[in-house]
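The residues making up each chain are set out below.
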Amino acid sequence: MKEGVARFWREIPQRYNFIGNKCGTCDTVFFPPRESCPYCRRKSIGKMKETKLAGKGEVVTYTIIHVGPEDFEEQTPYPIAIIKLEEGPQITAQIVDCPLDEVKIGMKVESTFRKIQQDGHTGAIYYGYKFKKQRQ
Amino acid sequence: MRDVAVIGVGLTKFGELWDQSFRQLIAEAGSKAILDAKIEGKDIDALYVGSMSSGRFVDQEHVGALVAEVSGFSQLHIPATRVEGACASGGLAVREGYLSIASGINDIVVVGGIEKMNDVGGTAATEILATASDQEWEAFFGATFPGIYAMIATRHMHEYGTTKEQLAQVAVKNHANGVFNPYAQYQSPISLESVLRATTVAWPLGLMDCSPVSDGAASLVLCAAEKAKKYTEKPIKIIGSGQASDTLALHGRRDICTLDATVYAAKKAYKQANLTPKDIDFAEVHDCFTIAEICAIEDLGFVEKGKGGKAIDNKITTLDGSLPVNTSGGLKAKGHPVGATGVAQIVELTTQLRGEAGKRQVKDAKIGLAHNVGGSGATCVIHIMEAM
Ligand SMILES: CC(C)(COP(=O)(O)OP(=O)(O)OC[C@H]1O[C@@H](n2cnc3c(N)ncnc32)[C@H](O)[C@@H]1OP(=O)(O)O)[C@@H](O)C(=O)NCCC(=O)NCCS
Ligand SMILES: [Zn+2]
């Protein structure tokens, strides 16, 4: 069962390239890209334009996961945060290269390409973005 | 639209029920409700069953028809529909039953809710529950369900000064109520220290901030209000029903600390009932995690945003407070077999409004509210009830 789900995950290019889109009517940026803008709905159709994000932002909130899913067990305890990207959208990602007690709300972070998890059954490795403290 | 009333209720014990199967549990709850309502199989126009993930928990989908069959109705060919909205599956099944009677299509409907979560083991249960979050943009990155609620807690603590002690007091209160509920998974009181000392699941939430993994089923019989007195002395009317949705992922929301689905569903239910939050005497709210109860009492309008922690300090929501919350023990102590929860909440409101809640009876309980959430707030369904 797991394999099918995993294959689906692997085929999501936004996990590597940080390409979102922007509503041509209200300029709101979306990541992952959306088919239409939830604020402008009908008026946004056909006006969504691809846009590259910088992969930088700020921690809005976070947790330290101690009881993790099977494929993350070797990584526990690990911090997960909601990050508000400079362009506006919020995403969920792991914070890395940072002592657990230094993760804070308001911390400036930037993306880094990492291994996210390894499927315990197939051994397949999945990559994507994690975030680390921004260098000043 | 016609008025709708509850005329029968049934519950199984909630807990780790190793010796009972999915089929036994739902048949037990259903037959208790049907006996309570004093109806016969031929009176039933339709069946709605809430179940979040029977496919992954017990390897069985298509449980609408299965429930009709194990309840002994296969020869009556009653229409049977399974309803899914993660942990709000039960509440949604109640609402579907309600709507089908209110619309005039059905007169009598049986609603069931069930989940059998322990058969798969703890790690698998965590993964299955995570399917209620956004698999591609939350769970993929390692966010668990407790982790997502923990992020609400961290932000709530940051913005409003809510403390770990206030969170813990929610668990202490709900376990204190669970002592008086013979169906509850946990029926012993717990101390503040034991909650604060418990192992961390997802900081700032510890094990005792979490609802447990549970098996259990609940059932109701709904009836057109005009016919309800034929079956029972004490029909309990549903006077408001509201439902709303939001983004699956927490990070997609307007505000991390507000469940807008609760706000919108509540607005609809209050409007239909022609009531305000002040008119509610007691409530069953979706305390899947302690922080969830604090957000719920804020989003339902019982207290101002950010004052939920203070309300716990001031003991407003205890059994003898001005607005008792989770008299059943809540998801925390009663247990949280996810598909059963929304139905079990209505069972508690009915029991209270009938005046049959024994040692946990709320004095002068006239109007109760039930609040059932799916995921971290992507689905919310609210019912307001009153004795007829
Ligand atoms: C918190 C959680 C991870 C604990 O699971 P666990 O670590 O496997 O815990 P165990 O089963 O090993 O239980 C250890 C002990 O604590 C008790 N316990 C477990 N969970 C408990 C809980 N939530 N509340 C109170 N006691 C609990 C057990 O009964 C057991 O007691 P015992 O040793 O006397 O038998 C698990 O309950 C959980 O995932 N809860 C969240 C469920 C959820 O997300 N629901 C959906 C929300 S919408
Ligand atoms: Zn727009």
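A word on the coordination of the zinc ion (ligand 2). Residues and elements named next belong to chain A. The zinc ion (ligand 2) binds to the protein through Cys23 (SG), Cys26 (SG), Cys37 (SG) and Cys40 (SG), with metal-donor distances spanning 2.3 to 2.4 Å. In this structure, the zinc ion (ligand 2) is surrounded by 4 donor atoms whose angles at the metal cover 105 to 113°, and the resulting shape is tetrahedral. When its relative accessible area of 0% is taken as the criterion, Cys23 is described as buried.

Further remarks concern the domain arrangement of chain A. Residue and element names in this part refer to chain A. Its domain assignment divides chain A into domain 1 (1-16 + 54-136) and domain 2 (19-52). If you sort the residues of domain 1 by the area they bury against domain 2, Gln14, Glu87 and Pro89 come out on top, with a joint share of 70%. Counting every contact that joins domain 1 to domain 2 gives 0 residue pairs in polar contact (both at pLDDT 80 or more). Split by residue class, the side of domain 1 that touches domain 2 holds 5 nonpolar, 2 polar and 1 charged.

Moving on: the domain arrangement of chain B. All names here are of chain B. Annotation of chain B at the domain level lists domain 1 (4-121 + 214-236) and domain 2 (127-210 + 239-387). One C-alpha centre belongs to domain 1, the other to domain 2, and the line joining them spans 23 Å. Domain 1 puts 47 residues into the contact, and the matching count from domain 2 is 40 residues. With both sides pooled, the region where domain 1 packs onto domain 2 buries about 3400 Å², and carbon together with sulfur makes up 68% of that total. Of all residues in domain 1, Phe14, Cys87 and Ile236 bury the most surface against domain 2, accounting for 22% of the area lost on that side. Between Glu356 and Lys234 there is a salt bridge, with its nearest N and O atoms 3.6 Å apart. Taken together, the links from domain 1 to domain 2 amount to 14 residue pairs in polar contact (both at pLDDT 80 or more). Elements that contribute at least two residues to the side of domain 1 that touches domain 2 include exactly β1 (4-11), α1 (22-37), α2 (54-57), α4 (89-102), β4 (108-116) and β7 (215-224). The element contributing the most residues to the side of domain 1 that touches domain 2 is α4, with 7 residues.

We now examine the layout of surface pockets. A volume near 870 Å³ is recorded for the largest pocket. In terms of lining residues, the largest pocket is bounded by 28 residues, among which Arg34 and Tyr39 of chain A together with Thr247, Gly252 and Arg253 of chain B are the most central. Broken down by secondary-structure element, the contributors of at least two residues to the lining of the largest pocket are β2 (29-30) of chain A together with β8 (236-245) and α10 (260-273) of chain B. The residue makeup of the lining of the largest pocket, split by class, is 13 nonpolar, 7 polar and 8 charged. Taken as a whole, the second largest pocket spans an internal volume of roughly 740 Å³.

All names here are of chain B. Most of helix α11 (residues 290-299) is tucked away: 10 of the 10 residues are buried. Thr290, Ile291, Ala292, Glu293, Ile294, Cys295, Ala296, Ile297, Glu298 and Asp299 are the residues of α11 that are buried. Next to the buried residues of α11 lie α6 (145-160), α7 (164-178), β6 (205-206), α10, α12 (308-313) and β10 (367-374). Looking one or two places after α11, you find Gly301, whose phi comes out positive at around 85°.

A separate point is the packing of α7 of chain B against α11 of chain B. Residue and element names in this part refer to chain B. Where α7 meets α11, the closest approach of the two axes is 8 Å, and the angle between their N-to-C directions is 95°. Overall, the two elements α7 and α11 adopt an arrangement that is roughly perpendicular. Facing Gln166, Leu167, Val170, Ala171, Lys173 and Asn174 of α7, the residues of α11 in contact are Thr290, Ile291, Glu293 and Ile294. Of the residues contributing to the contact of α7 with α11, the split by class is 5 nonpolar, 3 polar and 2 charged.

You can see Thr290 of chain B is positioned in helix α11. When residues no more than four places from it in sequence are discounted, the contact partners of Thr290 of chain B are Leu167, Val170, Ala171, Leu205, Met208 and Asp209 of chain B.

Below, the discussion takes up the interface of chain A and chain B. Each partner contributes to the interface: chain A provides 38 residues, whereas chain B provides 28 residues. Counting each side, the surface lost to burial between chain A and chain B is near 2900 Å², with a carbon and sulfur contribution of 66%. Joining chain A to chain B, the criterion identifies 0 salt bridges. In this structure, the connection of chain A to chain B is made through 14 residue pairs in polar contact (both at pLDDT 80 or more). Contributing elements (two or more residues each) for the side of chain A that touches chain B: α1 (2-10), α2 (14-17), β4 (56-65), β5 (78-85), β6 (90-94), β7 (108-118) and β8 (125-133) of chain A. If you tally residues by element for the side of chain A that touches chain B, the top one is β4 of chain A, at 6 residues. In terms of residue class, the side of chain A that touches chain B is built from 24 nonpolar, 9 polar and 5 charged. Looking at chain direction, β4 of chain A and strand β5 (residues 200-203) of chain B are connected through 2 bridges and run antiparallel. Residue pairing in the sheet places Ile65 of chain A in a bridge with Ala202 of chain B of β5 of chain B.

Attention now moves to the site of ligand 1. Residue and element names in this part refer to chain B. Neighbouring ligand 1 are 15 residues; Cys87, Tyr186, Cys210, Ser211 and Lys332 lie closest to it. Between ligand 1 and Cys210 there is a distance of 2.7 Å, counted from a nitrogen atom to a backbone nitrogen or oxygen. A distance of 2.8 Å separates a nitrogen atom of ligand 1 from a polar backbone atom of Ser211. A total of 920 Å² of accessible area belongs to ligand 1 in isolation, and the protein chains cover 64% of it. When atoms are counted within 2 Å of each cavity's grid points, the one that captures over half of ligand 1 is the second largest pocket. Of the residues assigned to the shell around ligand 1, the class counts are 12 nonpolar, 2 polar and 1 charged.

Turning our attention to the pairing of β5 of chain B. Residues and elements named next belong to chain B. Across 2 bridges, β5 lies against β6 in antiparallel orientation. Within β6, the residue paired with Ala202 across the bridge is Leu205. Joining the antiparallel neighbours β5 and β6 is a turn of 1 residue.

This paragraph deals with the sheet that holds strand β1 (residues 19-23) of chain A. Residue and element names in this part refer to chain A. Here 3 strands make up an open sheet; going across it, the order is β2-β1-β3 and the pairing antiparallel. Edge strands, defined here as strands with exactly one partner in the open sheet, are β2 and β3 (48-52). Judged from the 2 bridges that link them, β1 and β2 form a sheet pairing that is antiparallel. For Lys22, the partnering residue across the bridge sits in β2 and is Val29.

Parameters and conventions
- Residues numbered from 1 in each chain as written.
- Chains lettered and ligands numbered in written order.
- Predicted model: local features only at pLDDT ≥ 70, side-chain atom pairs only at ≥ 80, totals over all residues.
- Heavy atoms only, no water.
- Donors = N, O, S within 2.8 Å, 3.2 Å for Na, K, Ca; no water.
- Tetrahedral: all angles 85-135°; square planar, octahedral: opposite > 155°, others 65-115°.
- Buried < 20%, exposed > 50% of the residue type's maximum accessible area, 1.4 Å probe, protein only.
- Domains from an automatic or database assignment.
- Buried area = accessible area lost by both parts, 1.4 Å probe.
- Polar contact = N/O pair within 3.5 Å; in protein donor to acceptor, adjacent residues only side chain to side chain.
- Nonpolar A, V, L, I, M, F, W, Y, C, P; charged D, E, K, R; others polar.
- Contact = heavy atoms within 4.5 Å.
- Salt bridge = Lys/Arg side-chain N within 4 Å of Asp/Glu carboxyl O.
- Helix = DSSP H or I, 4+ residues; strand = E, 2+ residues; numbered from the N terminus.
- 1 Å grid on protein atoms, 1.4 Å probe; cavity = no way out; pocket = protein on both sides within 12 Å on 5 of 7 lines; lining within 4 Å.
- Points joined across faces, edges and corners; volume = space filled by probe spheres on them.
- Axes fitted to C-alpha atoms, helices over the stretch in contact; angles between N-to-C directions.
- Parallel < 35°, antiparallel > 145°, perpendicular 65-115°, else oblique.
- Pairing = 2+ DSSP bridges.
- Near = heavy atom within 4 Å.
- Areas by Shrake-Rupley, 256 points an atom, 1.4 Å probe, with all protein chains shown as cover.
- Sits in = over half its atoms within 2 Å of the grid points.

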